[in-house]
Amino acid sequence: MRVVIAEDNALLREGMVLLLNSAGHEVVAVASSGPEVLPALLEHRPDVAVLDVRMPPGFRDEGLRAALAARREMPGLPVLVLSQYVEETYAAELLADGASGLGYLLKDRVGRVEEFLDALERVVGGGTALDPEVVKELMTRRRDDPVDSLTPREREVLHLMAEGRDNATIARTLVVSERAVSKHIGNVFAKLGLPPSDSGHRRVLAVLAYLNKGATLNKGATSEGESADRR
Amino acid sequence: MRETVRRAGWASVELLRAAGLALASYLSIGVVIFAAVAMATVVGAGVLPESVLLLRRTAGYKRRLVGAWTGESVPEAYRPLAGEAFARARAAVGDPATYRDLRWMVAHAGYGWLLACCAIPVWMIGLLVDGVWCGLLGKRAVVLPLIERLVDLDAAWSRALLLPSPEALRSARLAERVEELSETRAGAVAAHGAELRRIERDLHDGAQARLVALSMRVGLARRAYEKDPDAAHKLLEDAQDQAEEALTELRHVVRGIHPPILTDRGLVGAVRALAAGSGLEVSVRDDGVEDGPRAPAAVEAAAYFVIAEALTNAAKHSGARRASVGLVRMPDRLRVAVRDEGRGGADPSGGSGLLGMRRRVAALDGTVEMTSPVGGPTLIEVELPCVW
């Protein structure tokens, strides 16, 4: 597949190119600052964009903004966002216009080459790859809720679903049969009161929407505060 | 009647003290004049500051007496006498307060004495008149209370003469402020040092140690590579685990130094992210902080950690479901208020989190106010001085 990389650190950039090339992918362009990203994407129309969050000129969240802009300009473009640290808020912003073809991972995960390439494939295929850290934060937040009534195994399944894994991967990870996974998923959806959905990004969205309810509430309260400021 | 006499008696004691002080004043004035004259000689330079100190002590004693009588303390403002003999003498001579004190002392040597003398006839007439008027007829005493008025007079005059000039008072306040600032600055430096040591230790015990272990495993894997590929594989796997743990720890340390989201999104954005992740329904109200220049990084970080701590406490202990955070840009400071609708009753002095919060804020010369009545709400207000 054809990839555009945006990463300002030369060491990491070269490592990434090496890794992707060794996996048989083609890096068609590299951007090393925020403003370079969108033009590169528009020019090369890659299969996927791999973006670092913090980049010049401001060394703030240029990569994230570029990712959001890219998804607005080129709907359906798979984007994988990498960062030295993950923020729930950023995940929520990225997921705001759909979880399809979206990844948000810690840079550490690149070291697990197989898993990283798998996540990349998933994103290119229209799936989702959400970092376990984000999912963990989301899960611990909803602690006084039906999430508590889940069995440990069901929680693990919920966790993996939220990361964007499909049934086969979940089964492999937990070393159980796919039928058992389906059963667990059924239980999770029933306990959380969610309508059953097929595997795929719709399911991820349903799970994330559920876990993210607190944050959505906060968003409402925040905009209320903002409007109060403008008065 | 008994009460009247008792009060007159106390007033007389005051007047006697004044008279005694007036007598002592004669001596003091003598000493000061002697010292001033002796200034011409080398010995005088040593004696003068001492006699000025005596003058200050006498005036200080009177200030306390007047303060006790009127219930309103009389401030004092002196230049410190420090350094070698000549510097001390110069400071003593150069301090306008010395002349104010001298003026008071001369005046008081007169009126202190005079007022005490006035009390004697008042006593004699008072006992006679009030004895009949108050003691026998049960009316209000009229003469004996005059003694208290005499003390009032002494207090008023002394107060007027002993009150330092406005400039002296201002410079004394400034001196006090400087001392306060040097103290908080020393505190800030100490806190900063402690913080650096903590970071150093965290890195040394955590990420650094893990990287050493990682390097060892990679080295072992290289040795085993030819002879025992399985073992090499296992070692490399371990090495990767170590690398990931080191990265996790580094992230943790970085968050403790300066949360990255503060850099990315500024204080308001970072606080909104905190609010979203707090598990509470939090409304964030920003009053001008997001517009215009940002606060210094240290101020933003302090505000961020205070809010994080307050929200954590609210989520853990207060039982509240809602909280609100207010950020206000003021001309010379940043105001932060965190309020939760929980059960209240939080101990304002206790808790290591709160102590850390106070220390962090004090290091920036800020203030923390906390009110938490039983039944709630709990309100934490923090003010951090800053230049925007």
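An unreviewed UniProt entry lists chain B under the name histidine kinase, from Streptomyces iranensis. Regarding chain B, the relevant UniProt record gives this comment under Catalytic activity (unreviewed entry): "ATP + protein L-histidine = ADP + protein N-phospho-L-histidine."

An unreviewed UniProt entry lists chain A under the name DNA-binding NarL/FixJ family response regulator, with Streptomyces iranensis given as the organism.

Caption draft 1: Quick look at the overall build of chain B. Secondary structure summary: chain B contains 10 helices and 5 strands in total. Residues counted as buried form 31% of the 388 residues belonging to chain B. For chain B, the proportion of contacts with a sequence separation of at least 24, taken over those separated by at least 6, is 71%.

Caption draft 2: Structural view of the packing of helix 6 (residues 132-141) of chain A against helix 7 (residues 152-163) of chain A. All names here are of chain A. At a minimum axis separation of 9 Å, helix 6 and helix 7 run at an interaxial angle of 130°. Relative to helix 7, the element helix 6 is oriented oblique. Between helix 6 and helix 7 lies a crossing of right-handed hand. Together, Pro132, Val135, Leu138 and Met139 of helix 6 and His159, Ala162 and Glu163 of helix 7 make up the contact between the two elements. Among the residues making up the contact of helix 6 with helix 7, the classes are represented as 5 nonpolar, 1 polar and 1 charged.

Caption draft 3: Up close: the UniProt feature "modified residue: 4-aspartylphosphate" (unreviewed entry) in chain A. Residue and element names in this part refer to chain A. When the UniProt feature table is mapped onto this chain, "modified residue: 4-aspartylphosphate" (unreviewed entry) is found at Asp52. In this fold, Asp52 is placed in strand 3 (residues 48-52). Residue Asp52 is classed as buried on the basis of its C-beta count, with 27 C-beta atoms lying within 10 Å. Sequence-distant contacts of Asp52, defined by excluding residues within four places in its chain, comprise Ala6, Glu7, Asp8, Gly63, Leu82 and Ser83.

Caption draft 4: Layout of helix 10 (residues 352-363) of chain B. Spanning 12 residues, helix 10 of chain B covers 16 Å between terminal C-alpha atoms, matching the ideal 16 Å at 1.5 Å per step. Close packing links the buried residues of helix 10 of chain B with helix 9 (297-318), strand 4 (367-371) and strand 5 (378-385) of chain B.

Caption draft 5: Structural context of the pairing of strand 1 (residues 281-287) of chain B. All names here are of chain B. By the alternation rule, side chains of strand 1 split into Val282, Val284 and Asp286, which are all buried, and Glu281, Ser283, Arg285 and Asp287, of which none is buried. Examined bridge by bridge, strand 1 and strand 2 (residues 322-330) share 7 bridges and lie parallel to one another. Bridged to Val284 within strand 2 is Val325. Running through helix 9, the crossover from strand 1 to the neighbouring parallel element strand 2 is left-handed.

Caption draft 6: Looking closely at the pairing of strand 5 of chain B. Residues and elements named next belong to chain B. Here strand 3 (residues 333-340) runs beside strand 5; their pairing, made up of 8 bridges, is antiparallel. By the bridge assignment, Ala337 is partnered in strand 5 with Glu381. The sheet contact formed by strand 4 and strand 5 spans 5 bridges and is antiparallel. Following the sheet pairing, Thr367 is matched in strand 5 by Glu383. Between strand 4 and strand 5, which pair antiparallel one after the other, the connecting turn spans 6 residues, and Gly375 there sits at a positive phi close to 100°.

Caption draft 7: Just the confidence of the model for chain B, in detail. Taken over all residues, the pLDDT of chain B has a mean of 86, while the share at 70 or more is 98%. For this predicted complex, the interface confidence comes out at an ipTM of 0.77, alongside a pTM of 0.70.

Caption draft 8: Molecular detail of the UniProt feature "transmembrane region" (unreviewed entry) in chain B. Here the UniProt-annotated "transmembrane region" (unreviewed entry) positions come out as residues 21-48 and 111-136 of chain B. Summarising residues 111-136 of chain B: 100% helix, 0% strand, and an end-to-end C-alpha distance of 35 Å.

Caption draft 9: Representation of the nonpolar core within the structure. Among the nonpolar cores identified, the biggest contains 59 residues, and Val50(A), Leu51(A), Leu80(A), Val81(A), Tyr104(A) and Ala162(A) are the most heavily contacted of them. Each of domain 1 (1-130) and domain 2 (131-218) of chain A gives at least three residues to this core. The contact partners of Val81(A), leaving out residues within four places of it in the chain, are Leu51(A), Val53(A), Gly63(A), Leu64(A), Ala67(A), Leu94(A), Gly103(A) and Tyr104(A). Judged by nonpolar contacts, the second largest core, of 39 residues, contains Ala275(B), Val284(B), Met357(B) and Leu384(B).

Caption draft 10: Molecular detail of the environment of Val124(A). All names here are of chain A. Residue placement: Val124 occurs in helix 5 (residues 113-124). On a C-alpha basis, the gap between Val124 and Leu77 in space is 8.3 Å, while along the polypeptide they are 47 residues apart. Not counting the four nearest positions on each side in its chain, Val124 is found in contact with Met1, Asp47, Val48 and Pro78.

Caption draft 11: Main features of unusual backbone geometry. Cis rather than trans, the peptide bond between Pro56(A) and Pro57(A) has omega equal to 0°. Structurally, Pro57(A) is set in the loop between strand 3 and helix 3 (62-73). The backbone of Val175(A) shows a phi angle near 55°, a positive value even though the residue is not glycine. Relative to the helices and strands, Val175(A) resides in the loop between helix 8 (167-174) and helix 9 (178-192). The class for Val175(A) is exposed, based on 7 C-beta atoms found within 10 Å. Of note in the backbone geometry, Asp365(B) takes a positive phi value of approximately 70° without being a glycine. As for its placement among the helices and strands, Asp365(B) is situated in the loop between helix 10 and strand 4.

Caption draft 12: Looking closely at the sheet that holds strand 1 (residues 2-6) of chain A. Residues and elements named next belong to chain A. Taken in spatial order, the 6 strands of this open sheet run 2-1-3-4-5-6, and their pairing is parallel. Across the chains shown, the open sheet's two edge strands, defined by having one partner strand only, are strand 2 (26-31) and strand 6 (128-130). On average, each strand axis in the sheet is tilted by 20° relative to the strand beside it, whichever way the strands run. The sheet contact formed by strand 4 (residues 79-83) and strand 5 (residues 102-106) spans 5 bridges and is parallel. Across the sheet, residue Leu82 finds its bridge partner in strand 5, namely Leu105.

Caption draft 13: Examining the sheet that holds strand 1 of chain B more closely. Residues and elements named next belong to chain B. Spatially, 5 strands are ordered 1-2-3-5-4 in an open sheet, and the strand pairing comes out mixed. Since the sheet does not close on itself, it has two edges, and those belong to strand 1 and strand 4, each with one partner. Neighbour-to-neighbour, the strand axes of this sheet turn through a mean angle of 10°, independent of strand direction. Across the face of the sheet, helix 10 comes into contact with strand 4 and strand 5 while running at roughly 145° to strand 4.

Caption draft 14: Broad picture of helix 9 of chain B. Residue and element names in this part refer to chain B. The terminal C-alpha atoms of helix 9 lie 30 Å apart, and with 22 residues this matches the ideal 32 Å at 1.5 Å per residue to within 8%. Considering only its buried residues, helix 9 is in contact with helix 8 (260-276), strand 1, strand 2, strand 3, helix 10 and strand 5. Note on helix 9: the residue one or two positions beyond its end, Gly319, has a positive phi of about 75°.

Caption draft 15: Seen up close, the environment of Ala175(B). Take Ala175(B): it is sitting in helix 6 (residues 166-227). Spatially, the C-alpha atoms of Ala175(B) and Arg79(B) are 9.6 Å apart, while their sequence positions differ by 96 residues.

Thresholds applied
- Residues numbered from 1 in each chain as written.
- Chains lettered and ligands numbered in written order.
- Predicted model: local features only at pLDDT ≥ 70, side-chain atom pairs only at ≥ 80, totals over all residues.
- UniProt positions renumbered as here; feature names shortened; annotations may be inferred.
- Helix = DSSP H or I, 4+ residues; strand = E, 2+ residues; numbered from the N terminus.
- Buried ≥ 20, exposed ≤ 12 C-beta atoms within 10 Å, placed from the backbone.
- Contact = placed C-beta atoms within 7 Å.
- Axes fitted to C-alpha atoms, helices over the stretch in contact; angles between N-to-C directions.
- Parallel < 35°, antiparallel > 145°, perpendicular 65-115°, else oblique.
- Left-handed = near helix turned anticlockwise from the far one by under 90°.
- Nonpolar A, V, L, I, M, F, W, Y, C, P; charged D, E, K, R; others polar.
- Expected span 1.5 Å × (residues − 1).
- Pairing = 2+ DSSP bridges.
- Right-handed = clockwise from strand over helix to strand, strands pointing away.
- pLDDT = per-residue confidence, 0-100.
- Core = buried A, V, L, I, M, F, W, Y, C linked by C-beta atoms within 7 Å.
- Domains from an automatic or database assignment.

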